[in-house]
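Residue-level structure breakdown
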Amino acid sequence: MENEKEKSVSPGGINWYPGHMAKAKRMLEDNLKLIDVVVELVDARAPLASRNPDFDRLFSGKSRVLLLNKSDLADPATNKRWIGYYKQQGIEAAGVTASAQNAKTQAIRLIERATAEQVKRLEEKGVKKTVRALIAGIPNVGKSTLINRIAGEKRAQTGDKPGVTKGKQWVKITPHLELLDSPGLLWPKLGDETLAEHLAFLGSINDEILNIEELAEHLLSALRTLAPDALFERYKKLDAETPEGELLKAVAKSRGFILKGGVYDTERAARIVLDEFRAGKIARVSLEQPPKEEETDNPSVT
Ligand SMILES: Nc1nc2c(ncn2[C@@H]2O[C@H](COP(=O)(O)OP(=O)(O)OP(=O)(O)O)[C@@H](O)[C@H]2O)c(=O)[nH]1
Ligand SMILES: [Mg+2]
């Protein structure tokens, strides 16, 4: 518990860029010439926070598509609005659930559309092109899960924590389609505090370097605004009257997490809250909203 207190409360303030990410970025740069299309996955619950700002420069000139994955965990109406928002900006985007059956057809259709011209150009020269698609994104958004779904079997390792995929892995789908799995990539300075916190909520930053009790308290506060009924239903001792700063304690109380001496085990409660949110057990909820139609910039963030 004491250690927890020394950890950073503010993900945005963390000065960090694990060596393996710098290495992963170099790997992508080295393989760029082989890649025909970049399929970027973001988390549908927080599409702003989970888009890597470095990708525009890294993949400039490449054909690109954007998949809002884990759509099953986000608010369905908000998903639609995000797709509309990206389309308006000329970005080819779709909502998917990599863990569901139809993700395969959806993803393949998008890859085919994005590479149609390249394929046609070579066909005119009598060559049948093999399309190579890079599956990229921040940690834990479901890249490897999507690859396994498209392959129809478990070819890439997956897991409910960031940093599961460590190196590059080509997965052959058909003689004319190959996918490149890649390690989740973040950027050196996370910046905006709210967005950085969303990344931490989603499980894209290693919990080991975070103060998870502070994090879970903030998540509960956000959920009390976004999905109060579902939250109170799940944690019975938590309600609209619970004072800010005591939300986690109310969760510990709800679950009977009490240590010797009658102290509430808020660390255990924090792990539970984060795990349950990440697995979509609390509510289908979107942390970020696209701008309303009359506004053009400034998507709103809770
Ligand atoms: N509910 C839901 N869970 C998903 C979905 N896609 C992936 N997951 C889960 O999210 C977790 C992360 O999935 P991975 O495929 O390992 O993510 P990744 O992007 O490859 O992660 P790294 O390799 O660590 O960068 C796993 O527990 C998956 O089961 C989805 O569409 N819906
Ligand atoms: Mg992976």
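If you're wondering where the values come from, they're calculated on a predicted model, not measured in any experiment.

1. As for the overall build of the protein chain
Looking only at helices and strands, one finds eleven helices and eight strands in the protein chain. A compact globule built from 302 residues would reach a C-alpha radius of gyration of about 19 Å, and the protein chain, at 21 Å, matches this within 12%. With the principal axes as the frame, the protein chain shows a C-alpha extent of 75 × 45 × 35 Å. A buried classification covers 49% of the 302 residues belonging to the protein chain. The contacts in the protein chain between residues at least 6 apart in sequence include a share of 69% that link residues at least 24 apart. In the structure as shown, the protein chain presents an accessible area of about 14800 Å², 48% of it carried by carbon and sulfur atoms. For the protein chain, the distance from the average position of its 47 positive side-chain charges to the average position of its 44 negative side-chain charges is 7 Å.

2. Some points on the site of ligand 1
Close to ligand 1 lie 23 residues, the nearest being Lys143, Thr145, Gly163, Val164 and Thr165. Measuring from an oxygen atom of ligand 1, one finds a side-chain N or O atom of threonine 145 at 2.5 Å. A distance of 2.8 Å is found between an oxygen atom of ligand 1 and a side-chain nitrogen or oxygen belonging to threonine 165. For ligand 1, whose unbound accessible area comes to 660 Å², protein coverage reaches 87%. Ranked by the residues each element gives to the shell around ligand 1, the list is headed by helix α6 (residues 143-151), at three residues.

3. What to know about the coordination of the magnesium ion (ligand 2)
Coordination of the magnesium ion (ligand 2) by the protein involves Ser144 (OG) and Thr165 (OG1), with metal-donor separations of 1.9 to 2.2 Å. Of the two residues, serine 144 sits in helix α6 while threonine 165 sits in the loop between α6 and β5 (169-174), which places them 21 residues apart along the sequence. Of the two residues, serine 144 and threonine 165, neither departs from the other in class, the shared state being buried.

4. Digging into the domain arrangement of the protein chain
Taken domain by domain, the protein chain consists of domain 1 (18-181) and domain 2 (193-301). Inter-centroid distance (C-alpha atoms) of domain 1 to domain 2 is 28 Å. Across the contact, 25 residues belong to domain 1 and 26 residues belong to domain 2. Of the roughly 2000 Å² buried at the junction of domain 1 and domain 2 (both faces included), carbon and sulfur atoms supply 55%. The interface formed by domain 1 and domain 2 holds zero salt bridges in total. There are 16 residue pairs in polar contact (both at pLDDT 80 or more) connecting domain 1 and domain 2. The element best represented in the side of domain 1 that touches domain 2 is helix α4 (residues 76-88), accounting for seven residues. When the residues that make up the side of domain 1 that touches domain 2 are grouped by side-chain class, the tally is 13 nonpolar, six polar and six charged.

5. Here's the deal with the packing of aromatic side chains
Evaluated as defined, the whole model comprises four aromatic pairs. Where tryptophan 82 meets tyrosine 85, the ring centres are 5.4 Å apart and the plane angle is 85°; that geometry is what we call edge-to-face. Taken together, the positions of tryptophan 82 and tyrosine 85, both in helix α4 and three residues apart, correspond to about one turn of that helix. Note on tryptophan 82: relative accessible area 0%, which makes it buried. On the basis of relative accessibility, which here comes to 12%, the residue tyrosine 85 falls in the buried class. Ring pairing ties together the aromatic residues Trp82, Tyr85 and Tyr86, which thus form one cluster.

6. Details of the nonpolar core
Counting residues in hydrophobic clusters, the biggest one holds 76 residues, and the most contacted among them are Phe59, Leu146, Leu220 and Phe277. Not counting the four nearest positions on each side in its chain, leucine 146 is found in contact with Leu41, Leu67, Ala98, Ala103, Ala107 and Ile135. If you look at the next biggest cluster of nonpolar residues, it comprises ten residues, including Leu66, Ala74, Trp82 and Tyr85.

Rules behind the numbers
Residues numbered from 1 in each chain as written. Chains lettered and ligands numbered in written order. Predicted model: local features only at pLDDT ≥ 70, side-chain atom pairs only at ≥ 80, totals over all residues. Heavy atoms only, no water. Helix = DSSP H or I, 4+ residues; strand = E, 2+ residues; numbered from the N terminus. Rg over C-alpha atoms; globule rule 2.2 N^0.38 Å. Buried < 20%, exposed > 50% of the residue type's maximum accessible area, 1.4 Å probe, protein only. Contact = heavy atoms within 4.5 Å. Areas by Shrake-Rupley, 256 points an atom, 1.4 Å probe, with all protein chains shown as cover. Lys, Arg positive; Asp, Glu negative; His and termini not counted. Charge placed at Lys NZ, Arg CZ, Asp CG, Glu CD. Near = heavy atom within 4 Å. Polar contact = N/O pair within 3.5 Å; in protein donor to acceptor, adjacent residues only side chain to side chain. Donors = N, O, S within 2.8 Å, 3.2 Å for Na, K, Ca; no water. Domains from an automatic or database assignment. Buried area = accessible area lost by both parts, 1.4 Å probe. Salt bridge = Lys/Arg side-chain N within 4 Å of Asp/Glu carboxyl O. Nonpolar A, V, L, I, M, F, W, Y, C, P; charged D, E, K, R; others polar. Phe/Tyr/Trp six-rings, centres within 6.5 Å; stacked < 30°, edge-to-face > 60°. Core = buried A, V, L, I, M, F, W, Y, C linked by side-chain atoms within 4.5 Å.

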